[in-house]
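What the coordinates show
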Amino acid sequence: MKKSKKLLSLLLALFMILTAVAVMPPVAAAADETPEEETAVVTVTGLNGESQSMTFQVGDTFTVYTMLNTSAIDEGRISSVHATQNYNSEVLALADAYDEEEGEILDLNTMFPITKGDTVANGKLSGAINFNASIASIVSPFFFDSNAAKLIVTHYTVIAPGTSDVTTAFITLAGSDRQLTKIVDRGVIVNPNFTLYASFTDPEAEPTEAPTEEPTEAPTEAPTAPPVQALAITAQPVDWTGAKGETASFTVVAEGTDLSYRWFYRPAGKTNWIDTGVTESVYAIPMSDARNGRQLYCQVTDGAGNSLASDTVTMSYPVVSGPVITSQPADWTGNDGDSITISVTAEGEGLTYQWFYWKEEKSKWIAAADTDASYDALTMNAKLDGRRVYCRITDINGNSVDSDEATISYAGGPVITQQPCDWYGGDGEMILIDVCAEGEGLTYQWFYWKEEKSKWIAAADTDNEYDVLTMNPKLDGRRVFCRITDANGISVDSEEATISYASGPVITAQPADWTGNDGEQITISVVAEGDTELTYQWFYWKEEKSKWIAAADTDASYDALTMAPKFNGRQVYCRISDFLGHSVNSEIATISYPNA
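Every value quoted in this text rests on a predicted model; they were computed, and no experiment measured them.

**With respect to the side chain of S80**
With respect to the helices and strands, S80 occurs in strand 4 (residues 77–86). Aside from chain neighbours lying at most four places away, what touches S80 is A133, S134, T172, L173 and A174.

Following this line, the structure appears as structure tokens:
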């Protein structure tokens, strides 16, 4: 009996030991074991869903380039843009500097390369950058006329693992015509003929040339690790030729470990490379006129970060014989009223002709009205002096050849160096329209159009300025021009300018003082009317700087803040402007606590 109890005690002790071992906590990892790296996947997305994704480690800072191209709408002229760039604030933080109190971006020239200091931007909002840019004059608009036109350049730092989209959404986007036609209105796209895309790559950056491979000794292999295959391109892409609509295909073959691919292209005649977004070893795209002469290369990268650039290749139409020019156009010189005649002679089947002239203000060639073998639709005047023209000749098979350029020169007489501009103003404002010209012994005579008599009437103004009248409603719509004559009696007429009536903004309800408690939304509003679309800019008095500071609020209400002690006693006012440049300031309103 005693032996049985002893055996039972031993078995019970053994059971307790085994149970203690089973429930022991797991042994902590050795100190030299490296935890898995924390990363974030960031995706930048364009207007039509085009996207790029990259993986970053926590602590990395990167750049997002967002490009706007409205060249299909009034050749890229934009008067105003209001938009937001959105991101996941749990994963990313804005790295660009901004005022900690008000949120205003400090370096506008870097973040907004085109709109620059005409931009008001706020970086303090959670997960969003709100920006608004406008320009008062339609004569000097913003130009977003290429795929490299940067709307906004932002820098972000990864603060936590996860995923984040970076997207840009328009609230308003307006052209720079006289009606300030809306392209996007209150978030709704009215005219879709524009592009917006985003990239991690600067579209103006030159690509990295393929590095010259230096011979290296084979590394000593670790006894327990497999050999690492060196990065090498074993088959280069080759040039491609084909007809419109056929699929151009380029392939690169490489050896290495964990390879990745990225194709770049540049249009014919351009120097900057553009990321295609294609990340496979094969690049395929339909052939078109716009892609004729396009150059491409592929950047191949292995898992260790080593990169090689492939050969540069070209996609093009097959080379076939076309028209042959037998007599090039020659330069032409003449005086006012002379008929301009510049001709070209060519041989070929079913030839057609299209003349082009260089437009200095637009920095591009414009198709002229002349579609035969002679450029002869115009008579000479001073503004045609120095015009360059050439002719494109096309045969029945669509093959084309461009002639040499010819230059039109003015033989004599006054030369207008600055044409008169349209004038806008309100009652009592002095009308001032001027013209600038060069020549000997110049005299000036201004004329205005008399609608009742259907003819031009000589005005009292006989110098280079039309300035003897003050504005009143009956002068609204008056057209004027100036005739300039030199000492030899040679005359040239300026372009017409139009006088328009505009009274400027009128405030119908002034902003009122606001009182409230901590955490309440501050709301101060102004109401105004005008002959054109109005823009608003609120200002607040910065006591430490003894000056008025532009706030982030750019509509009819000052409502971006909630009440806090530091805002007690703050003074604000609103500046209201029309697109003609007329502005009016509201009265000052004060923010305070109740019974303060």
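**Re the nonpolar core**
I342, Y375, I433 and Y466 are the most contacted members of the largest nonpolar core, which totals 41 residues. Broken down by secondary-structure element, the contributors of at least two residues to this core are strand 28 (352–359), strand 31 (388–394), strand 33 (406–410), strand 38 (443–450), strand 41 (479–485) and strand 43 (497–501). In contact with I342, not counting residues within four places along its chain, are P329, A330, W332, W355, A373, S374, Y375, V389, A406 and I408. Formed by 39 residues, the second largest nonpolar core is a distinct cluster that contains M111, A133, V166 and F200.

**A few points about the pattern of salt bridges**
With the rule as written, the count across this model stands at 19 salt bridges. A salt bridge links E101 to R570, with the nearest nitrogen and oxygen atoms 3.2 Å apart. Taken together, the residues E101 in the loop between strand 5 (92–94) and helix 2 (108–111) and R570 in the loop between strand 50 (557–558) and strand 51 (571–578) connect sequence positions 469 residues apart. Under the relative-accessibility criterion, R570 is labelled buried at 8%.

**Observations regarding the sheet that holds strand 5**
Taken in spatial order, the 4 strands line up as 5-9-3-13 in an open sheet, and their pairing is antiparallel. Of all strands in the sheet, those bounded by a partner on one side alone are strand 5 and strand 13 (195–199). Along the sheet, successive strands turn relative to each other by an average axial angle of 30 degrees, direction set aside. Here strand 3 (residues 61–69) pairs with strand 13 via 5 bridges, running antiparallel. Looking at the pairing, N69 lines up with T195 of strand 13.

**Topic: the pairing of strand 31**
With 5 of 7 residues buried, strand 31 lies mostly within the body of the structure. As judged from the 2 bridges shared by strand 31 and strand 33, these two strands associate in the antiparallel manner. Its bridge partner lying in strand 33, V389 is registered against A406. As judged from the 3 bridges shared by strand 31 and strand 32 (residues 400–402), these two strands associate in the antiparallel manner. Bridging across to strand 32, R392 finds its partner in D402. Taken together, strand 31 and the strand that follows it, strand 32, pair antiparallel across an intervening segment of 5 residues, in which G398 is found at a positive phi of about 90 degrees.

**Quick look at the pairing of strand 21 (residues 294–301)**
For strand 21, the buried fraction is high: 7 of the 8 residues fall into the buried class. Inspection of the sheet shows strand 18 (residues 260–266) paired to strand 21 by 7 bridges, in the antiparallel sense. Note that in strand 21 the partner of S260 across the bridge is T301. With 3 bridges connecting them, strand 21 and strand 23 (residues 313–316) associate as antiparallel partners. Paired with R294 across the strands is M315, a residue of strand 23. The turn joining strand 21 and strand 22 (residues 307–309), which pair antiparallel and follow one another in sequence, is formed by 5 residues; a positive phi near 90 degrees is taken by G305.

**Quick word on the environment of Q571**
One can find Q571 in strand 51. In this structure the C-alpha to C-alpha distance between Q571 and F539, which are 32 residues apart in sequence, comes to 8.5 Å.

**A closer look at the packing of aromatic side chains**
Following the criterion strictly, the structure yields 23 aromatic pairs and no others. Pairing F356 with Y390 gives two aromatic rings, centres 5.2 Å apart and planes at 15 degrees, and the pair type is stacked. Here the residue F356 occupies a position in strand 28, and Y390 occupies one in strand 31, the gap between them amounting to 34 residues. In this structure F356 comes out as buried when scored by relative accessible area, which is 13%. Exposure remark for Y390: the relative accessible area of 9% places this residue in the buried category. Centre to centre, the rings of W541 and W548 are 5.4 Å apart; their planes meet at 65 degrees, and the pair counts as edge-to-face. Taking the relative accessible area as the measure of exposure, W548 reaches 29% and is therefore partly exposed. Members of the aromatic cluster, joined through ring pairs, are F56, F62, Y87, Y156 and F200.

Conventions and cut-offs
- Residues numbered from 1 in each chain as written.
- Predicted model: local features only at pLDDT ≥ 70, side-chain atom pairs only at ≥ 80, totals over all residues.
- Heavy atoms only, no water.
- Helix = DSSP H or I, 4+ residues; strand = E, 2+ residues; numbered from the N terminus.
- Contact = heavy atoms within 4.5 Å.
- Core = buried A, V, L, I, M, F, W, Y, C linked by side-chain atoms within 4.5 Å.
- Buried < 20%, exposed > 50% of the residue type's maximum accessible area, 1.4 Å probe, protein only.
- Salt bridge = Lys/Arg side-chain N within 4 Å of Asp/Glu carboxyl O.
- Pairing = 2+ DSSP bridges.
- Axes fitted to C-alpha atoms, helices over the stretch in contact; angles between N-to-C directions.
- Phe/Tyr/Trp six-rings, centres within 6.5 Å; stacked < 30°, edge-to-face > 60°.

Nothing here speaks to function; it is all geometry.
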